[in-house]
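Structural description and commentary
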Amino acid sequence: MSTTIDSLADSQRRIEVPLRSALDRLDPHTRHCCGYHLGLWDPDGVPTGSMGKGIRPTLALLSARAAGAGDEIGVPAALACELIHNFSLLHDDVMDHDTERRHRTTAWAQFGIPAAILAGDALCSLASELLAEAPSSTAIWALRCVGASTRRLIAGQAADLDFETREDVSLVECLKMADDKTGALMACSASLGAVLADAPAELALGLADFGTHLGMAFQLSDDILGIWGNPERTGKPVLSDLRSRKKSVPVVYALQSDTDAGTRLKSLYFRPGELSETELSEAAELVETAGGREWTEQRADRELQEALAAIEALTIPAPIAHEFIALAYQLNHRDH
Ligand code: GRG
């Protein structure tokens, strides 16, 4: 049986050719910007191998197999999820003015904001087109799942933006935002192959439950890496989430903690002007002292356990269950 690293790489291989064909439907400018963002080539069109981790396509391919279907169903589901994911990343980088992603210059920084917005729109449109063309009687249901998940992704992003100007964000609001921003598309990815394979509702819902908890565990790990991750591994600048004053879960926990460290963090975080490198390191220490890191790690672990329980409750082939479980462990013990 393959290990999970192989299954991520294997799903990238399975979707690469149809992904390239899908991009060929676009006008040359938009195609170039999309392929650059997706890591297929560099700004001059020279081939590169810098694609994302491929978590969502792997989940979608596994979910089709869990329902007894093959790649003719799994690949359109995988492509749709990866395209929506990258649509959101392209627009997110514009909104956050981020200049680096996956160790490369972001698409908007390379080609300009209008080109990056259009590239995101194009990926979204391709996702719907590919799903609608899938050889399945339930393509319309799959489209509805993707539409609903995209709406939640947008709601999560809107909340995230709203939090930027608020000093009173609660932990409950912050967890809901993470669930919408990351959990919704993970749930969709983990169940879309089954939906497209016309699986029983019980199976599709169980897989979505797994994806929801996995997405939350993943986002909480991401929040930890955003403060304490090694920039050489994450591809993001050091202390990036604190530098941009993000209201991530560890930060919100610390701000609401009613501790001396939380009070000092508030005075730093809500002070106008940029934080110095020394202040950023101090802020990271304050989040940790106030218990934000420990709480987030424990909650991530709880979400992982719930994800595993959701898979174990399903009647699916053992090798597929094993792949889901191995992927869940791998994502929760990652450094990038
Ligand atoms: C355009 C659909 C759409 C929505 C607009 C911009 C936006 C609203 C939402 C952004 C949501 C967002 C950026 C969520 C973050 C999710 C996340 C943890 C991304 C990182 O996922 P990885 O690590 O990425 O799987 P790779 O690089 O491996 O593909």
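Sequence order as written defines the numbering, with residues in each chain counted from 1. In view of the model being predicted, local features appear only for residues whose pLDDT reaches at least 70, and side-chain atom pairs are presented and counted only at 80 or more, with totals across whole chains, interfaces and linings using the full set of residues. As a rule here, side-chain values cover all heavy atoms of the structure and leave hydrogens and water aside.

The cut-off we apply is this: UniProt positions are given in the numbering used here, feature names are shortened, and annotations may be inferred rather than shown by experiment.
An unreviewed UniProt entry lists the protein chain under the name Polyprenyl synthetase family protein, with Arthrobacter terrae as the source organism. In UniProt, the protein chain has this text filed under Sequence similarities (unreviewed entry): "Belongs to the FPP/GGPP synthase family."

1. Describing the site of the ligand
Filter applied, for reference: Working definition: residue near molecule or strand if any one of its non-hydrogen atoms lies within 4 Å of it. In protein, a polar contact requires one atom able to donate a hydrogen and another able to accept it; more generally it is a pair of N or O atoms within 3.5 Å, and residues adjacent in sequence count only if both atoms are side-chain atoms. Helix and strand labels come from DSSP, where a helix needs a run of H or I of at least four residues and a strand needs a run of E of at least two; each type is numbered from the N terminus. As a working rule, the residues Ala, Val, Leu, Ile, Met, Phe, Trp, Tyr, Cys and Pro are called nonpolar, Asp, Glu, Lys and Arg charged, and the rest polar, with Gly in that last group.
By nearness alone, 21 residues border the ligand, and Lys53, Arg56, His85, Phe87 and Arg102 come closest of all. Interatomic distance of 2.5 Å between a side-chain N/O atom of Lys53 and an oxygen atom of the ligand. Separating an oxygen atom of the ligand from a side-chain N or O atom of Arg102 is a distance of 2.8 Å. Put simply, the parts of the chain that give the shell around the ligand at least two residues each are α3 (55-66), α4 (71-96), α7 (139-164), α8 (171-196) and α9 (201-228). Sorting elements by how many residues they give to the shell around the ligand places α4 first, with seven residues. Here the shell around the ligand is built from residues that sort into seven nonpolar, eight polar and six charged.

2. Focus on the side chain of Ser149
Keep this limit in mind: The contact criterion used throughout is that any non-hydrogen atoms of two residues lie within 4.5 Å.
Structurally, Ser149 can be placed in helix α7. In contact with Ser149, not counting residues within four places along its chain, are Ala184 and Cys188.

3. Quick look at the pattern of salt bridges
How we decide: Salt bridges are defined by distance alone: a side-chain nitrogen of Lys or Arg within 4 Å of a carboxyl oxygen of Asp or Glu. We call a residue buried when its accessible area falls under 20% of the maximum for its residue type, exposed when it is over 50%, and partly exposed in between, using a 1.4 Å probe and counting protein chains only.
Under the criterion given, the structure shown has 24 salt bridges. A salt bridge links Arg152 to Asp180; the shortest N-O distance between them is 2.9 Å. Highlighted residues: Arg152 in helix α7 and Asp180 in helix α8, separated in sequence by 28 residues. Here Lys181 makes a salt bridge to Asp160, at a shortest N to O gap of 3.1 Å. Of this pair, Lys181 sits in helix α8 while Asp160 sits in helix α7; the two residues are 21 residues apart in sequence, bridging distant segments of the chain. In this structure Asp160 comes out as buried when scored by relative accessible area, which is 9%. Via salt bridges that share partners, Asp10, Arg13, Arg14 and Asp71 belong to a single interconnected network.

4. With respect to unusual backbone geometry
Its identity as a non-glycine residue notwithstanding, Arg102 has a phi of 50°, on the positive side. For Arg102, the location among the structural elements is in the loop between β1 (100-101) and β2 (104-105). With phi around 55°, Arg245 is a residue other than glycine that occupies positive phi space. Exposure remark for Arg245: the relative accessible area of 17% places this residue in the buried category.

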